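One-letter residues, chain by chain:
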Amino acid sequence: MSGDFLAENNVCGQTLLRLVARGNAIIAELFRLSDYIPQSFRQVQNNKYSDIIFDFNYLTNQVYYDTLIQNKPELQSLDDEFKFNHLEILTRFYLAFESIHKYITDLTRFIEDLEEGIYIQQNIDSVLFNQDGKQLIIESVYLYGLMLLIVDLKFEGTIREKLLIAYVRYSNQKSYMESNIDDVCKLLRSTGYSFTKPKPQNYPENYFSRFKINPNFLNQIIGRLRTDDLYNQMSIFPQPEHRSHALGNQAAMLYILLYFRADILHNEQAVMREIVDKFFPDNWVLSIYMGSIQVNLAEVWEPYKAARSALANTLNVTNIKQQSIYHLNKLSESLKEVNEHLNEGFLTQEYLLTSLNKVLNLLRKSNVTLKWSILHTSNLSPISENNKKIKLIRDQVLKDFQYEPMKILNLLLNLSQLEFNVRNHYRKMIEQKQIQWENLKKEARERTDELSEVFSGEKPLTRIVKNENLQKWFKMISSKIDALNYESSGTTSTGRDITQLVNAIQEVLHFHEIDKNLQVKQFVQDTAGFLLQMINTCNIKDDALIQIQTISDLSYALQLIDNFTNEMQNLIKNKPSLVIKLRATFLKLGYALDLPLVRITQANSSDFQSVTQYYSLELVSYVRKVLQIIPISMFNLLAKIVAIQTNKLREVPTLLDKEKLKEFAQLDQRYEISKLTYSISLYTQGILQMKSANLGCVTIDSKQLLEDGIRKELVKQITLALHNQLQFNPKGNELMVRLEKLNEQIDGFRRSFEYIQDYVNIYGLRIWQEEFSRIIFFHVEQECNNFTKKKIFEFESIYQSKNIPIPIYPPVDQSVNFIGRLAREILRMTDPKMTYYLPKKSAWYDLKTKEEIINLRLFKKIEQSLNSFGLHGLDRLFSFMIAKDLQIIVFNLKKNSKAIEETFKQSLAQMQPLDSNSNLSLKFYTPILNKFQKLFTFLLELFLRVGQMQLLRTKICYQLNSEAKFDSKQLLHALKTFNKALMSEVNAHFEDPTNAYPDEENPLLYELNPYLECVGLCEPLKKVYIKTNNCEYVSFMTSMFILSQLPKLPVIKLTVPIFKGSSTEVNANMTNVPMINLSITNSACLVTGVATLLKQFNPDYRNQVIAMLSQYVRSAIALSSNQRLTDLPVDNIKVLTFLEDFIDFSNLDRKVLEVYLPRYVIDQVHSSLNNQKMGLLKGLVIFGAGVYAGIYACQNYEVPRVDDPQNIIKKVQDYLKQYEKGDKGNK
């Protein structure tokens, strides 16, 4: 009957089976999604999306909220961004919520079809009469109630509403006729339940009643749960004191289903008394569905009169004390017996053959006690802690039970090991069953044949008289033994035949001829023993393994086991070899994963792989969490080793005096290092003892676990160091100091990692490089989210790992993490408003003090602290920042496009032709500059920042390239050659389109670029950062912007040596070096910023900018000529200087400028500029020539000795006095 219901041709059974399988898959999906709720829906404060995320209040005034968003461009932009990044995950949440509604809809339709007779020969009564049908139909309703509770537990009501409303707004589902989104919202609207708040009134019965289920049907299935043994567990736990344990899963189902009929909980006292007496006479804490929900009946049934009254006897102080003491005694007794069975040589296959029931009884008793102990001593929820009654009950249990977590943990570990040993022995016995049976049969037959020969009189044996009757009898017994067949060994007739043979042989022992001869008697007894072992071997069946698995079920503790994590880790820390027992415990937990997969497997559901993988990975995560104590302890020991090596051990010199050998030996310190190293090796040995184990569909390897654990701890410590050290004072100048400290810390980690690799047999350098690069690139990716529309969430990142997670620390400023803080600190220190950049020195100087702030040493220090990955990551972050600023520039130009286009068309007609002399006066530009002054002022900061970051990128690329030349010369040359060859092919294609060119699907160019950037083979000023459309007025606006802002740039006055290559700073020891005063414009950032913007457009736009600025210069020169001015205006000189710098930074040929500004014009401007400086310079040159001539004459001619300077001064004074007297006399 049972098999018929689940047959493939049974439509009713298959429909119900698939429904239940789907229910288990939905629950797994809910658990999975609960870990991926976007932070925007959880966060209340400091949430930039708070104005566009709504709960169900949105539905009451939808027009108001939509209008509010549409009227504010910033909210509309934020809304579009949020939709773009979250619609995919929101769709997945909605599909999970919708699947609950579809599930209950399909279930009610199935029940209606049963009642209406749609399924031939099937109705509710017949389904409930069938064993499989009864289980499935009860499970179907139970799973629905469980889904509702899990949704409320994992997705708080307000969060659930926000997720649903966000999906409604962004998906346009309401426009579909078949959409049932309204019903989903009604079913899953907030209940008011919160894990941290008291339970709402009439919860969860009001929640469960949102979708009506036939009350008569509910009464029938609740009645079956009350009276039947749904899963035949009483046969596995036959002892009366184990009944509540045997019916534990059934009790959990009954607890859920009673909320669909809350009137039973309130009013039907007799029914509740029956339920409590059967299911809860000695327990009041429930674990539901693999421990996902823990329920204390004393708390949850308090509002229900009938339930509270029925539970009174169970919660009686006397009963609580009695149960606590009973299980305390059982705990000690079980622990003692389990330890005895774990003694070496105690548990053998022979012992299991004869004492299997004894072992099973021990396992039953121990598991019952273990479950009661774990459940009733578990921690209370925050709300329960405030409930005086519940707290008193738990305190009484802890007191009477004499609660010791280590005692419970020891029972769990030892019991798991015993079950593991029993299971392995018994599995081997099953595998060798036939061979063992045949061997026993052979031994028994040979014994009877020998006995037959003995009584034939032909066998030379002392004092054995010939006895033909015994000879024939033993011969007959031998033939009967030989006739036994293994294939029929499991039948009753074969067992009866063997038993008859044993009885007959035992009767023969009383014969005088046999009893008086010890050797013959021994042979007869051995034969009987072999036959008895054959009977026991026949009884070896797979059913025993199924019984062991059922008895050893630990599914109730899948969540509560975490309460013992600290105790487990302390045990491992003190004795690493205990990991072998933990392996058995993890395997015991692994068997619990079969519970949600039974129906999925029976239904051949496609969800099997995903559900299995989810639960397996969750268990593996817990295993990793427990065993992580080993890498943590190893790194703590390593820190001590490194401290001794760094601070205490002295370096032994190459040449050492014999007398100082003892002093340098430092035996105590070296002994301490050896001791610590040995401890590390013990930890390694302990975890490697686990070997490999299968947890669900995942196989864990001990060596891989150790390596992953070491990686995890390494990532944790490196990330913490980066987070702590790269925090800066916005008013200080501590960048180099911070980098130096970070370098010391990272270097310590590196040295300790080099030390550890030989003792744990891992590839230290590979692990270091992989994890360090992963940390850097992950944080760069998360920081770049601020500058991209498409965000990459943490769980989507290719650099984040669930097994080796990168810790995420809360932001301390506007940056997301340390790489953003480092980038912004460098930008702050090189701010164009506070510093100026000298290209020839590749350094930044303070505008006020003229002191050097940053030079190439900074990038060298960053490379030492953050490796080349850090430099590359910083370079990538600057790229995203540049792209964002360029987008803002283009956006603002387009925003003002109407006014710009109007001015552009009017002005361009007057400016034509651009490449020849123009009659434009400088006054032509004034109204244009005034009109867009506000826009130009806003754009100035953006251009300066873009230029600033471009200059920083060039220095980073230089440092990366320099390091690559030393550290990876072959890679660098290979990439250079490959890139050169590839670019030749690309250029050849553009010259002749018939040549080959990589198509869009070819990843060659895309994959090569990161390699080139990592070794600095890139030119930031030639990069195209953004995609742009044709925009005719860009060149015009850029030219006007330059003309408006150049006069505002500060002019830096420097006093520098006249010799080429001398420092830009005046040195105290350079008093005799000739100096010259220079004035330079702080335009480097502006030039690079403008060059970068123009690089995003067609080169014609760049040429137009050069033409317009050249036209301005020519107009100024013409004006100067007409007015006969000897010097050009300062602004004109700045423009020409800007153009020359622009040509240099853009790496263009100077002929590009000479097309619009002939060489003689440039020379004329330079001549005017030189005239302004010639006075001082001319004096210096004459002075230098005079000094040189004097020295030359002194060295090559006999020049008379000149007077002392004081004598000369005195003679001059005397001469002046005489001259004054003579002058007066003449008057």
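In the annotation of an unreviewed UniProt entry, the entry for the chain reads WASH complex subunit strumpellin, and the organism field reads Brachionus calyciflorus. One UniProt comment on the chain, placed under Sequence similarities (unreviewed entry), says "Belongs to the strumpellin family."

This part covers the overall build of the chain. Looking only at helices and strands, the chain features 53 helices and nine strands. Within the chain, the proportion of its 1227 residues that are buried is 50%. Here the chain has roughly 62400 Å² of accessible surface; of this, 51% comes from carbon and sulfur atoms.

Turning next to the packing of aromatic side chains. For the coordinates displayed, the defined rule picks out 43 aromatic pairs. Joined through ring pairs, the aromatic side chains of Tyr144, Tyr193, Tyr203, Tyr207, Phe208, Tyr255, Tyr259, Phe260, Phe279, Phe280, Trp301 and Tyr304 make up one cluster. Cation over ring: Arg650 sits above Phe664, and NZ or CZ is 4.2 Å from the ring centre. A cation over an aromatic ring shows up here: Lys789 above the ring of Phe84, its NZ or CZ 5.1 Å from the ring centre.

For the rest of this paragraph, the subject is the packing of helix α20 (residues 349-376) against helix α29 (residues 542-551). Two elements in contact, α20 and α29, have axes whose closest approach is 10 Å; the angle formed by their N-to-C orientations is 20 degrees. If you check the angle between α20 and α29, you find them roughly parallel. Taken as a pair, α20 and α29 cross one another with a handedness that is left-handed. Facing α20, whose interface residues are Leu356, Leu360, Leu363, Arg364 and Asn367, α29 presents Ala544, Gln547, Ile548 and Ile551.

Our next topic: a nonpolar patch on the surface. Judged by side-chain polarity, Phe990, Tyr997 and Leu1005 come together as a nonpolar surface patch covering roughly 310 Å² of accessible area. Looking at where Leu1005 falls in the secondary structure, it is placed in helix α46 (residues 1004-1014). Residue classification places Leu1005 among the partly exposed positions, given a relative accessible area of 35%.

The next point concerns the sheet that holds strand β7 (residues 852-854). One open sheet accounts for three strands, arranged β5-β6-β7; its pairing is antiparallel. Each edge of the sheet is formed by a strand with only one pairing partner; in this case those strands are β5 (835-838) and β7. In this sheet, neighbouring strand axes are inclined to one another by 40 degrees on average, regardless of whether the strands run parallel or antiparallel. Where β5 lies against strand β6 (residues 843-846), four bridges are found, and the strand directions are antiparallel. Within β6, the position partnered with Leu838 by the bridge is Ala843.

Now for the side chain of Arg364. Following the sequence through the fold, Arg364 ends up in helix α20. If we skip the residues at most four places from it in the chain, Arg364 touches Ile236, Phe237, Pro238, Gln239, His242, Gln547 and Ile551.

A word on helix α33 (residues 608-627). An α-helical segment advances 3.6 residues per turn. Residues three or four places apart therefore align on the same side. Here α33 contains 20 residues, and its C-alpha end-to-end distance of 28 Å stays within 8% of the 28 Å for a straight helix at 1.5 Å per residue. Three or more residues of α33 are buried, namely Val611, Thr612, Tyr614, Tyr615, Ser616, Leu619, Val620, Tyr622, Val623, Arg624, Val626 and Leu627.

Turning our attention to the side chain of Asp708. Here Asp708 is to be found in helix α37 (residues 702-725). Residue classification places Asp708 among the buried residues on the basis of a relative accessible area of 7%. If sequence neighbours within four positions are ignored, Asp708 has contacts with Arg624 and Ile804.

Our next topic: the pattern of salt bridges. Under the criterion given, the structure shown has 47 salt bridges. With a shortest N-O distance of 2.9 Å, Glu29 and Arg92 are connected by a salt bridge. Placement of the pair is Glu29 in helix α2 (residues 11-33) and Arg92 in helix α6 (residues 73-116), with a sequence separation of 63 residues. The exposure class assigned to Glu29 is buried, which follows from its relative accessible area of 18%. Residue classification places Arg92 among the partly exposed residues on the basis of a relative accessible area of 37%. The salt bridge partner of Asp277 is Arg273, with a shortest N-O separation of 3.3 Å. Residue Asp277 and its partner Arg273 are both found in helix α16 (residues 269-279); the two are separated by four residues, about one turn of the helix. Asp277 sits in the partly exposed class, given a relative accessible area of 37%. In this structure, a network of salt bridges that share partners links the residues Glu707, Arg711, Arg766, Glu770, Glu771 and Arg774.

For the rest of this paragraph, the subject is the pairing of strand β1 (residues 285-288). Of the two faces of β1, the one carrying Val285 and Ser287 and the one carrying Leu286 and Ile288 are both buried. When β1 meets strand β2 (residues 293-296), the two strands line up antiparallel, connected through four bridges. Within β2, the residue paired with Val285 across the bridge is Asn296. Following β1, the chain reverses through four residues before pairing antiparallel with β2; Tyr289 in that reversal takes a positive phi of roughly 50 degrees.

Here we come to the pairing of strand β3 (residues 692-695). For a regular strand, the rule is simple: side chains alternate between the two faces of the sheet. Of the two faces of β3, the one holding Ala693 and Leu695 is buried and the one holding Ser692 and Asn694 is not buried anywhere. Bridging between β3 and strand β4 (residues 698-701) involves four bridges; their strand directions are antiparallel. Looking across to β4, one finds that Leu695 is bridged to Val698.

So, on to unusual backbone geometry. Cis rather than trans, the peptide bond between Tyr203 and Pro204 has omega equal to 10 degrees. For Pro204, the position within the fold is in the loop between α10 (181-188) and α11 (205-208). A positive phi angle, close to 55 degrees, is found at Gln402, a residue other than glycine. Relative to the assigned elements, Gln402 resides in the loop between α22 (388-400) and α23 (405-431).

Cut-offs applied
- Residues numbered from 1 in each chain as written.
- Predicted model: local features only at pLDDT ≥ 70, side-chain atom pairs only at ≥ 80, totals over all residues.
- Heavy atoms only, no water.
- UniProt positions renumbered as here; feature names shortened; annotations may be inferred.
- Helix = DSSP H or I, 4+ residues; strand = E, 2+ residues; numbered from the N terminus.
- Buried < 20%, exposed > 50% of the residue type's maximum accessible area, 1.4 Å probe, protein only.
- Areas by Shrake-Rupley, 256 points an atom, 1.4 Å probe, with all protein chains shown as cover.
- Phe/Tyr/Trp six-rings, centres within 6.5 Å; stacked < 30°, edge-to-face > 60°.
- Lys NZ or Arg CZ within 6 Å of the ring centre and 35° of its normal.
- Axes fitted to C-alpha atoms, helices over the stretch in contact; angles between N-to-C directions.
- Parallel < 35°, antiparallel > 145°, perpendicular 65-115°, else oblique.
- Left-handed = near helix turned anticlockwise from the far one by under 90°.
- Contact = heavy atoms within 4.5 Å.
- Patch = residues over 30% accessible without salt bridge, like charges linked within 9 Å, V, L, I, M, F, W, Y side chains within 5 Å.
- Salt bridge = Lys/Arg side-chain N within 4 Å of Asp/Glu carboxyl O.
- Pairing = 2+ DSSP bridges.
- Expected span 1.5 Å × (residues − 1).

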